[in-house]
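One-letter residues, chain by chain:
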Amino acid sequence: MASETTTRTVRANGVEIVTEAFGDPSAPPMLLIMGAMASMLWWPDAFCRQIAASGRHVIRYDNRDTGLSTKYAPGKPPYTMDDMARDAVAVLDAYGIAKAHVVGMSLGGMIAQILALTEPGRVASLTLVSTTPIGLDRDLPPPTPTYMEHAATGEGVDWSDRAQATGFIAGEARVIASTAHPHDAAKTLAFIERDYDRSGGYLSATNHFMLTGGEAVKGKLPGLNVPFTVIHGTADPIFPIVHGKAITDAVKGSTYVVVDGGGHELHEDDWGIVIPAIVKNSSAPR
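The shown structure was predicted, so the numbers you read here are calculated from the model rather than taken from an experiment. (Residues numbered from 1 in each chain as written. Predicted model: local features only at pLDDT ≥ 70, side-chain atom pairs only at ≥ 80, totals over all residues. Heavy atoms only, no water.)

Trainee: Describe in detail the overall build of the chain, supporting the description with residues and values.
Mentor: Across its full length, the chain holds eight helices and eight strands. Over its C-alpha atoms the chain spans a radius of gyration of 17 Å, differing by no more than 12% from the 19 Å that the globule rule assigns to 286 residues. With the principal axes as the frame, the chain shows a C-alpha extent of 50 × 40 × 35 Å. In the chain, which comprises 286 residues, the share counted as buried stands at 56%. A separation threshold of at least 6 residues defines the contact pool for the chain, and within that pool the share at least 24 residues apart is 74%. Positive and negative charge centroids in the chain, built from 23 and 31 side chains respectively, lie 8 Å apart. (Helix = DSSP H or I, 4+ residues; strand = E, 2+ residues; numbered from the N terminus. Rg over C-alpha atoms; globule rule 2.2 N^0.38 Å. Buried < 20%, exposed > 50% of the residue type's maximum accessible area, 1.4 Å probe, protein only. Contact = heavy atoms within 4.5 Å. Lys, Arg positive; Asp, Glu negative; His and termini not counted. Charge placed at Lys NZ, Arg CZ, Asp CG, Glu CD.)

This is how it looks when you write it as structure tokens:
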């Protein structure tokens, strides 16, 4: 059953959210929430299937303004991270899931924190990958100068131009890549072009740069009370590793998994660390 894959479009909260599920629907459910500008394809198929093979029903989905889900005109987005957390609840409702193991990466990790703190009854465990604490009053370091230099070039990108948009994202993938493993630029660009074409472009996805939200959970992170693991790479240039440590320090009983040389990505050579950590956290007794 681990190879079974199904798709579903969820209509709720005034939007359509496109989802895909892997594995046995009777297995414990796991919801994957991806980061800024990234469709669900950034949770690689093989990654999802490996988790499903461990005995989980894995569900990934396109956030608003990505993939095949509802998109808005670029500018100030008419929604917040809190709305995106409600989208996650709507996905669970559509699948008839009362409670799921939740995994969030980058912006998806921030959304996952909001979800766990506002709807604690819907989250069986929480795993955060390459993200930053939300609602925690800490003075944490900004992205690295190298990353900021690359990000600044995004202001000159014509996001309606396929070559410029995919070229910028490919350049970003290189800047945020692991320092411990080789970066396959050709393979990465081919994937980004496929994602761009499926999404119909990245213009709307730029709305994610302007998202707000999380005010309702300010100061509540230390009260999180589910099996909780934080996975963070030592070479993450967007959220330097102390961001992950800050989350772990804030939540009593949490587990901290460090990926040596890990960047802001799910490099296949690190799956041997990342996937077992996710599976172990979703197996922890409550």
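Trainee: Requested: an account of the UniProt feature "domain: AB hydrolase-1" (unreviewed entry) in the chain, with residues and values cited.
Mentor: Mapped onto the present numbering, the UniProt feature "domain: AB hydrolase-1" (unreviewed entry) falls at residues 28-269. Secondary structure content for residues 28-269 is 33% helix and 14% strand, while the C-alpha to C-alpha distance between its ends is 26 Å. (UniProt positions renumbered as here; feature names shortened; annotations may be inferred.)

Trainee: Could you give an account of the environment of Gly-167, naming the residues involved and the relevant values?
Mentor: Along the chain, Gly-167 falls in helix 5 (residues 162-175). On the basis of relative accessible area, Gly-167 is assigned to the partly exposed category, the value being 36%. Taking the C-alpha atoms as reference points, Gly-167 and Val-157, ten residues apart in sequence, are found 9.4 Å from one another.

Trainee: Hey, could you go over the environment of Met-110 for me, with residue numbers and the actual values?
Mentor: Looking at the element boundaries, Met-110 is found in helix 3 (residues 107-118). The spatial distance from the C-alpha of Met-110 to the C-alpha of Met-30 is 17 Å, given a sequence separation of 80 residues.

Trainee: Any chance you could break down the packing of helix 4 (residues 145-152) against helix 5 for me, citing the residues and the numbers?
Mentor: For the pair helix 4 and helix 5, the least separation of the axes is 10 Å and the interaxial angle reads 180°. Compared by their axis directions, helix 4 and helix 5 come out roughly antiparallel. Taken together, the residues of helix 5 that come into contact with helix 4 (itself represented by Thr-146, Tyr-147, His-150 and Ala-151) are Phe-168, Gly-171, Glu-172 and Val-175. Looking at side-chain class alone, the contact of helix 4 with helix 5 contains four nonpolar, three polar and one charged residues. (Axes fitted to C-alpha atoms, helices over the stretch in contact; angles between N-to-C directions. Parallel < 35°, antiparallel > 145°, perpendicular 65-115°, else oblique. Nonpolar A, V, L, I, M, F, W, Y, C, P; charged D, E, K, R; others polar.)

Trainee: Explain the pattern of salt bridges residue by residue, including any values.
Mentor: Inspection of every chain in the model, using the stated rule, returns nine salt bridges. The residue Arg-198 makes a salt bridge to Asp-62 at a minimum N-O spacing of 2.8 Å. You can see Arg-198 sitting in helix 6 (residues 185-199) and its partner Asp-62 sitting in the loop between strand 4 (57-61) and helix 2 (81-94), a full 136 residues away along the chain. When the shortest N-O distance is used, the salt bridge between Asp-83 and Arg-86 registers 2.8 Å. Here Asp-83 pairs with Arg-86, and both are found in helix 2, just three residues apart, close to one helical turn. Taking the relative accessible area as the measure of exposure, Arg-86 reaches 45% and is therefore partly exposed. Through salt bridges with shared partners, a single network forms among Glu-20, Asp-45 and Arg-60. (Salt bridge = Lys/Arg side-chain N within 4 Å of Asp/Glu carboxyl O.)

Trainee: Before we move on, can you summarise the environment of Ile-176 with the specific residues and values?
Mentor: If you trace the backbone, Ile-176 turns up in the loop between helix 5 and helix 6. Classification of Ile-176 by relative accessible area gives buried; the value is 11%. With residues up to four places along the chain from it excluded, the contact list for Ile-176 reads Tyr-147, Pro-237, Ile-238, Gly-263, His-264 and Glu-265.

Trainee: Requested: an account of the side chain of Gln-113, with residues and values cited.
Mentor: Of note, Gln-113 is situated in helix 3. You can call Gln-113 buried: its relative accessible area is 1%. The contact partners of Gln-113, leaving out residues within four places of it in the chain, are Leu-128, Thr-131, Thr-132, Pro-133, Ile-134, Leu-221 and Ile-247.

Trainee: Help me get a handle on the nonpolar core, residues and values and all.
Mentor: Of all hydrophobic cores here, the largest spans 43 residues; its most connected members are Leu-31, Ile-33, Val-91, Leu-115, Leu-126, Leu-224 and Phe-228. Setting aside residues no more than four positions away along its own chain, Leu-126 makes contact with Val-102, Ala-112, Ala-116, Leu-224, Val-226, Pro-227, Phe-228, Thr-229 and Asn-281. Listed in part, the 24 residues of the second largest apolar core include Met-34, Ala-52, Ile-231 and Ala-277. (Core = buried A, V, L, I, M, F, W, Y, C linked by side-chain atoms within 4.5 Å.)

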